[in-house]
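Given next are the chains, with one letter for each unit.
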Amino acid sequence: MRRAFNFSAGPATLPVPVLERAAAEMLDWHGSGIGVMEMSHRGREFGEIFERCEARLRELLAVPANYKVLFMQGGALAENAILPLNLSRGGVVDHVLTGSWSKKSAKEAARYCDARVAASNELDTAPHHRSLPVPASWRLSPGASYVHLCSNETIDGLEFHEVPDLRALGSDAPLVIDCSSHLASRPIDWSRVAVAYGGAQKNIGPAGLTLVFVREDLLGHALAACPSAFDYSVVAANGSMYNTPPTWAIYVAGLVFDWLAEQGGVEAIERRNIEKAALLYAAIDGSGGFYRNPVDLGCRSRMNVPFFAHDERLHAPFVESAAARGLVQLKGHKSVGGLRASIYNAMPLEGVQALVSHMQEFAASHG
Ligand code: PMP
């Protein structure tokens, strides 16, 4: 077997020890005689797996006691509807538009409430978004039920390195973040974030699990049309077991959290993520114009690094020659083209080093 370095944006690479453990326990979990996929979600065994998973997650992200952690399904795109169904009260909500995913969120919210655009980087040089709108320039609506932003734009490669403090902008609206593509890659400042949500399939585990963190005082205002299985209060009151949760994905997420704790936790992994991203951006910026990344320095994503060769005809041969040496899934998202390397928690430094070597050799042979 030869494991590739997998730069997929998601579903994405998982830590090898996690995959090995899941494989070893596949047929018989801890002497129970059955595998995790085959267990009742209400049984003692899965209860143990679930409790450990949630406790680990709370510990890793220092989730305050007055926040519920919900294990849901439907992905971040479903949350774009579930969120206004639960929290908008049918009134005004504010959206900050910074790229593909935040635009989708606003469009979906508009089906359920008065979704307004508080800020946008739309006027950035097309087709690439280069910067994030400065919080001081946001036009926040008085009395908005919440303000929504995407804290890491996976396609455009833009990241809020610091989550804005709405109170400093004179607003007491709860801040909601779609943190799908950098969840658990760095700490979350809960004093500024009321709700955070994200799909698991980047830093957390297999697709099929969506994590929602919600401050308790926001619960209990779902619109009548909100499906019960998507009503945060119902999900919370039933310990995420109102309906059958994605048990296998939760189990693997728990293994990933154990692995993350062994790596020294979220602060330690953040330092490594900073190091990996710095190495990759330095290779792009230091290529003498052979490669470029269009994003301003202050808002470049540490997780998703889009880059472009000076001649777009080089993208296909780059992807092909990289794959030949075990560096896979480097094609850019179809909406922007080019190349993209996603370097989530589970991507080792050696993977980024191998990519940088390939970029340098490719540039030398196509210069
Ligand atoms: N938001 C962000 C930031 C994402 O990266 C993604 C997936 N790439 C989504 C939303 C959509 O997630 P899902 O496909 O799980 O609904």
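Counting starts from 1 at the beginning of each chain's written sequence and moves along it residue by residue. Local features in this predicted model are restricted to residues of pLDDT 70 or higher, and side-chain atom pairs are both shown and tallied only at a pLDDT of 80 or more, whereas totals for entire chains, interfaces and linings draw on every residue.

## Re the sheet that holds strand β9 (residues 195-199)
Quick note on the threshold: Note on pairing: two strands pair once DSSP finds at least 2 bridges between them. Secondary structure elements follow DSSP: runs of H or I of four or more residues count as helices, runs of E of two or more count as strands, with numbering from the N terminus. The axes are straight lines fitted to the C-alpha atoms, using for helices just the contacting stretch, and the angles between their N-to-C directions are given from 0 to 180°. Placing a C-beta atom from the backbone of each residue, one calls two residues in contact when those atoms lie within 7 Å.
One open sheet accounts for seven strands, arranged β2-β10-β9-β8-β5-β3-β4; its pairing is mixed. With partners counted over all chains shown, the strands left at the sheet margins are β2 (67-72) and β4 (114-120), one partner each. In this sheet, neighbouring strand axes are inclined to one another by 20 degrees on average, regardless of whether the strands run parallel or antiparallel. Relative to strand β10 (residues 210-215), β2 runs antiparallel, the two being bridged by six bridges. Looking at β10, one finds that methionine 72 is bridged to threonine 210. Contacts from helix α3 (residues 75-87) reach β3 (92-97), β8 (175-178), β9 and β10 within the one sheet, and its direction differs from that of β9 by about 150 degrees.

## Some details on the packing of helix α2 (residues 44-60) against helix α6 (residues 247-262)
This is how the line gets drawn: Each angle gets one of four labels, with under 35 degrees taken as roughly parallel, over 145 as roughly antiparallel, 65 to 115 as roughly perpendicular, and the rest as oblique. In a left-handed crossing the near helix is turned counterclockwise from the far helix by less than a right angle, and in a right-handed crossing that turn is clockwise. Put simply, Ala, Val, Leu, Ile, Met, Phe, Trp, Tyr, Cys and Pro go in the nonpolar bin, Asp, Glu, Lys and Arg in the charged bin, and everything else, Gly too, in the polar bin.
Orientation of α2 relative to α6, taken along the N-to-C sense of each, is 45 degrees, at an axis distance of 9 Å. Relative to α6, the element α2 is oriented oblique. Crossing geometry of α2 relative to α6 is assigned as left-handed. In contact with Phe46, Ile49, Phe50, Arg52, Cys53, Arg56, Leu57 and Leu60 of α2, α6 contributes Thr247, Ile250, Tyr251, Ala253, Gly254, Phe257, Asp258, Leu260 and Ala261. Tallied by class, the residues present in the contact of α2 with α6 amount to twelve nonpolar, two polar and three charged.

## Quick notes on the pairing of β8
Sheet faces and side chains relate simply in a regular strand, where the side chains alternate between the two faces. What counts, and what does not: Here exposure depends only on C-beta density: within 10 Å of a residue's C-beta, 20 or more other C-beta atoms make it buried, 12 or fewer make it exposed, and intermediate numbers make it partly exposed, the C-beta atoms being placed from the backbone.
Burial along β8 is two-sided: Leu175 and Ile177 facing one way and Val176 and Asp178 facing the other are all buried. Bridge analysis of strand β5 (residues 147-150) against β8 gives four bridges, and the strand direction is parallel. Bridge pairing in β8 links valine 147 to leucine 175. As paired elements, β8 and β9 share three bridges and run parallel to each other. The residue bridging isoleucine 177 from the neighbouring strand is alanine 196, located in β9.

## Side note on the domain arrangement of the protein chain
Interfaces are frequently sized by the accessible area removed from exposure as the parts join. Here is the rule: Where each domain starts and ends follows an automatic or database-derived domain assignment.
Parsing the protein chain into structural domains produces domain 1 (17-261) and domain 2 (265-366). Inter-centroid distance (C-alpha atoms) of domain 1 to domain 2 is 27 Å. Contacts between the two partners involve 25 residues from domain 1 and, on the opposite side, 22 residues from domain 2. For the side of domain 1 that touches domain 2, a count of residues per class yields ten nonpolar, ten polar and five charged.

## Concerning the UniProt feature "binding site: pyridoxal 5'-phosphate" (unreviewed entry) in the protein chain
Note the cut-off: UniProt positions are given in the numbering used here, feature names are shortened, and annotations may be inferred rather than shown by experiment.
Residues annotated by UniProt as "binding site: pyridoxal 5'-phosphate" (unreviewed entry) correspond here to Trp101, Thr154, Asp178, Gln201, Asn243 and Thr244. A stretch of 144 residues holds the annotated residues, and the largest C-alpha distance among them is 30.0 Å, long enough that they do not meet in one place. When you line up the elements, aspartate 178 lands in strand β8. On the neighbour-count criterion, aspartate 178 (27 C-beta atoms within 10 Å) is buried. Filtering out sequence-adjacent residues up to four positions away, aspartate 178 remains in contact with Ala76, Trp101, Ser105, Cys150, Ser151, Tyr197 and Gly198.

## What to know about the UniProt feature "binding site: L-glutamate" (unreviewed entry) in the protein chain
If you check UniProt for "binding site: L-glutamate" (unreviewed entry), the listed places come out as Arg42 in our numbering. Its place among the elements puts arginine 42 in the loop between α1 (16-24) and α2.

## Some points on the pairing of strand β12 (residues 304-309)
Counting buried positions along β12 yields six of six residues, so the element is predominantly enclosed. Burial along β12 is two-sided: Asn304, Pro306 and Phe308 facing one way and Val305, Phe307 and Ala309 facing the other are all buried.

## Some words on the site of the ligand
Where we set the bar: Being near a molecule or strand means, for a residue, that its backbone-placed C-beta atom lies within 6 Å of it.
Within the structure, the ligand sits among Gly10, Gly75, Ala76, Leu77, Trp101, Cys150, Thr154, Asp178, Ser180, Ser181 and Gly199. Looking at which element gives the most residues to the shell around the ligand, the answer is α3, with three residues.

## Points about the nonpolar core
Our working definition: Each nonpolar core reported here comprises buried Ala, Val, Leu, Ile, Met, Phe, Trp, Tyr and Cys residues connected via C-beta atoms within 7 Å.
Membership of the largest hydrophobic core comes to 100 residues, with the highest contact counts inside it found for Val147, Leu211, Ile250, Ala253, Val256, Leu280 and Ile343. Looking at this core element by element, the count peaks at nine residues for α6. When we break this core down by domain, the ones giving at least three residues each are domain 1 (17-261) and domain 2 (265-366). Counting residues in hydrophobic clusters, the runner-up holds five residues, among them Leu132, Phe160, Val295 and Cys299.

## Observations concerning the sheet that holds strand β14 (residues 339-342)
An order of β11-β12-β14 is seen for the three strands of this open sheet, with the pairing classed as antiparallel. Each having just a single partner strand, β11 (291-292) and β14 make up the two edges of the open sheet. Across two bridges, the pairing between β11 and β12 is antiparallel. Within β12, the residue paired with tyrosine 291 across the bridge is alanine 309.

## Concerning the packing of α3 against helix α4 (residues 100-109)
Axis separation between α3 and α4 bottoms out at 9 Å; the angle between their running directions is 40 degrees. Between α3 and α4, the interaxial angle falls into the category oblique. Here α3 runs over α4; the crossing is right-handed. Residues Leu77, Asn80, Ala81 and Pro84 of α3 touch α4, and the partners they reach there are Lys104, Ser105, Glu108 and Ala109. Its residues assigned to classes, the contact of α3 with α4 shows four nonpolar, two polar and two charged.

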